[in-house]
Amino acid sequence: MNVLIVGGGAAGLMAAGAAGRQGHTVTVVERNPRPARKVMITGKGRCNVTNNCSIDTFIAHVPENARFLYSSLNAFSPQDTMALFESLGVPLKTERGNRVFPVSDKAVDIVDALVNYAKKGGACFTEGRVTQLVITDGVCTGVKLEDGSTLTADRVIVATGGCSYPGTGSTGDGYALARQAGHTVIEPRPSLVALSSPDLFCATMQGLSLKNCGLQVRDNEKNKILYSDLGEMLFTHFGVSGPMVLSASAHMRQMRAGRYTLIIDWKPGLTPEQLDARILRDFAERSNMDLSNALGKLLPRLLIPVMLELCQVKPVKKCHAVTREERLRLVQGIKAMPVEISGFRPLSEAIVTAGGVSVKEINAKTMESKLVPGLYFAGEVLDVDAYTGGFNLQIAFSTGQAAGNAI
């Protein structure tokens, strides 16, 4: 049986290896000279391959259409992924949060292993951009390329990714193919993305990187905390970014200006009472010093004028003259500094695309279209996305395996 796979990313290469091992003739059509370009940049170039957790824990990290993944994850779990890469000669290690990386800390090792997995399964590669499906009597029988040529096939797997990081080839081509086949495409939107803020102090503190702070996301419409974490973040000219912010963004569904507020705890290791005692000691040691200078051991330099303004305390005030009320405002500001959010950064900057081909129209066990026989979808092109931690790559691997094995 001739199998065409549109897209040589994580899902496409996994599908190619699986289908080839079923004895099929497999061709991967990839628009870039080299496959898996997006995998190369994941995990800051280290490649967070998967998350070494149970299926139930995994499902809890998928905010959209999690139940759809039960079959494919049970058939090819995170532990199966780890075993596969180890068998392909890539030693792995598990770090904080059960995040799995290659021991080498090099994404290229994962990419090379994926390509070898596909090639050892008998897959061949052709460079080109698929612009149209060939559907004959309601059955998918091939694809048309941008150069006008046609490739025939008994089965076609669309694994084109989303439309984030378009420079890697993820430009939303799969959505057009899905629509041509009559599929519903849920409007693509950014997930795991930096956030814009109307607060001018973000630009004032541009470049300030926090290594160990607390972060909460408050939904102002529902008056509830959606997300809490400890870790790293970064102030930018447009708002905030960094690992914690990207994770937080995945929880912020139906984004509207003013709906969400970030709450930063600059001293998560101290209770309000302990922080107040620390400030009292600092003020006692520097009683005749201006407040703006006295806070240098407690807060980053760029933050001090911002915090004092937010707490309505004059920076030129001497420490001995600070009132108890002003000091408590300072404690409150340091423990719970609000940052208003106006929206996501553009989809092109997102790590993951949320939205995509409606999973209601896809067979969860095989990834085959319920509308057009012979047509399959796998990976980020589907309307399934997860939080950070290796979960999104595992979705690509599991759905790719499901499609490849089902043929």
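Structure first, text after, so check above.
Summary of the structure given here. (Residues numbered from 1 in each chain as written. Predicted model: local features only at pLDDT ≥ 70, side-chain atom pairs only at ≥ 80, totals over all residues. Heavy atoms only, no water.)

### Regarding the overall build of the protein chain
A tally of helices and strands in the protein chain yields 14 helices and 20 strands. With respect to the principal axes defined by its C-alpha atoms, the protein chain has extents near 85 × 40 × 35 Å. Here the protein chain holds 407 residues, and the buried ones make up 55% of them. Expressed as a percentage of contacts within the protein chain between residues at least 6 apart in sequence, the contacts between residues at least 24 apart total 72%. (Helix = DSSP H or I, 4+ residues; strand = E, 2+ residues; numbered from the N terminus. Buried < 20%, exposed > 50% of the residue type's maximum accessible area, 1.4 Å probe, protein only. Contact = heavy atoms within 4.5 Å.)

### Digging into the nonpolar core
Grouped burial of nonpolar side chains is what soluble globular proteins tend to show. Val156 and Leu382 are the most contacted members of the largest nonpolar core, which totals 81 residues. Those residues in contact with Val156 that lie beyond four places of it in its chain are Leu4, Val6, Leu133, Cys140, Gly142, Val143, Gly374, Leu375 and Tyr376. Core analysis: the next-biggest nonpolar cluster, separate from the first, contains 45 residues, Phe201, Leu291, Leu298 and Val313 among them. (Core = buried A, V, L, I, M, F, W, Y, C linked by side-chain atoms within 4.5 Å.)

### Looking at the packing of aromatic side chains
Tallied over the entire structure, the rule returns three aromatic pairs. Pairing Phe58 with Phe391 gives two aromatic rings, centres 5.0 Å apart and planes at 75°, and the pair type is edge-to-face. Placement of Phe58 in helix H3 (residues 55-60) and of Phe391 in helix H14 (residues 391-406) is noted, with a sequence separation of 333 residues between them. When its relative accessible area of 2% is taken as the criterion, Phe391 is described as buried. Between Phe235 and Trp266, the ring centres sit 6.0 Å apart and the planes meet at 0°, which makes this aromatic pair stacked. (Phe/Tyr/Trp six-rings, centres within 6.5 Å; stacked < 30°, edge-to-face > 60°.)

### Examining unusual backbone geometry
One non-glycine residue with positive phi stands out, namely Leu192, at about 55°. Its location among the elements puts Leu192 in the loop between strand S11 (185-191) and strand S12 (195-196). Of note in this structure, Gln312 is not a glycine but carries a positive phi near 55°. With respect to the helices and strands, Gln312 occurs in the loop between helix H12 (303-310) and helix H13 (324-335). A relative accessible area of 64% means that Gln312 is categorised as exposed.

### Let's talk about the sheet that holds strand S9 (residues 150-152)
On the basis of which strands lie adjacent, the open sheet formed by three strands has the order S7-S8-S9 and antiparallel pairing. The outermost strands of the open sheet, each flanked by one partner alone, are strand S7 (130-136) and S9. Averaged over all pairs of adjacent strands, the angle between strand axes in this sheet comes to 30°, irrespective of strand direction. Bridging between S7 and strand S8 (residues 139-145) involves six bridges; their strand directions are antiparallel. Note on S8: the bridge partner recorded for Leu133 is Val143. (Pairing = 2+ DSSP bridges. Axes fitted to C-alpha atoms, helices over the stretch in contact; angles between N-to-C directions.)

### Looking at the layout of surface pockets
Taking a probe equal in size to a water molecule and rolling it over the atoms shows the remaining empty space. Put simply, the second largest pocket is a space of about 170 Å³. Taken together, Glu64, Arg189, Pro190, Ser191, Ser249, Ala250, Met252, Arg253, Gln254, Met255, Phe344 and Ala354 make up the lining of the second largest pocket. Top contributing element to the lining of the second largest pocket by residue count: S11, with three residues. Here the lining of the second largest pocket is built from residues that sort into six nonpolar, three polar and three charged. (1 Å grid on protein atoms, 1.4 Å probe; cavity = no way out; pocket = protein on both sides within 12 Å on 5 of 7 lines; lining within 4 Å. Points joined across faces, edges and corners; volume = space filled by probe spheres on them. Nonpolar A, V, L, I, M, F, W, Y, C, P; charged D, E, K, R; others polar.)

### Notes on H14
End to end, H14 covers 22 Å across 16 residues, agreeing with the expected 22 Å (1.5 Å per residue, within 8%). Summarising burial for H14: 14 of the 16 residues are buried, a large majority. (Expected span 1.5 Å × (residues − 1).)

### Focus on the environment of Ala284
Relative to the helices and strands, Ala284 resides in helix H10 (residues 272-285). Separated by 36 residues in the primary sequence, Ala284 and His320 place their C-alpha atoms 7.3 Å from one another.

### So, the packing of helix H5 (residues 78-87) against H14
How two helices sit against one another is set out by the angle between their axes and by the gap between those axes. The interhelical angle for the contact between H5 and H14, taken along N-to-C directions, is 85°, at an axis separation of 10 Å. Considering their axes alone, H5 and H14 lie roughly perpendicular with respect to each other. Contact with H5, carried on its side by Pro78, Thr81, Leu84 and Phe85, involves Gln394, Phe397 and Gln401 of H14 and no other residues of that element. Looking at side-chain class alone, the contact of H5 with H14 contains four nonpolar, three polar and no charged residues. (Parallel < 35°, antiparallel > 145°, perpendicular 65-115°, else oblique.)

### Considerations on the sheet that holds strand S1 (residues 2-6)
What the five strands build is an open sheet, ordered S6-S2-S1-S10-S20; its pairing is parallel. If you trace the sheet from one side to the other, it starts and ends with strand S6 (124-127) and strand S20 (375-377), each paired once. Taking each pair of neighbouring strands and ignoring which way they run, the sheet shows an average axis angle of 20°. Relative to strand S2 (residues 25-30), S1 runs parallel, the two sharing five bridges. Opposite Val3, over in S2, you have Val26 as the bridge partner.

### Overview of the packing of helix H1 (residues 10-20) against helix H6 (residues 107-120)
In contact at an axis separation of 7 Å, H1 and H6 are set at 30° when each is read in the N-to-C sense. Compared by their axis directions, H1 and H6 come out roughly parallel. Regarding H1 and H6, the two cross each other, and that crossing is left-handed. Here Ala10, Leu13, Met14, Ala16, Gly17 and Ala18 of H1 lie close against H6, whose contacting residues are Leu114, Val115, Tyr117 and Ala118. Of the residues in the contact of H1 with H6, the class split is nine nonpolar, one polar and no charged. (Left-handed = near helix turned anticlockwise from the far one by under 90°.)

### Re the pattern of salt bridges
Following the criterion strictly, the structure yields 23 salt bridges and no others. Note that Lys38 is salt-bridged to Glu380, the shortest N-O span being 3.0 Å. Linking Lys38 in helix H2 (residues 37-41) with Glu380 in the loop between S20 and H14, this pair joins segments that are 342 residues apart in sequence. For Lys38, a relative accessible area of 17% translates into the label buried. Overall, the relative accessible area of 18% leaves Glu380 in the buried class. Glu285 is the salt-bridge partner of Arg286, the closest N and O atoms lying 3.7 Å from each other. Residue classification places Arg286 among the buried residues on the basis of a relative accessible area of 12%. Taken together, the shared-partner salt bridges in this structure form one network comprising Arg31, Arg129, Glu146 and Asp173. (Salt bridge = Lys/Arg side-chain N within 4 Å of Asp/Glu carboxyl O.)

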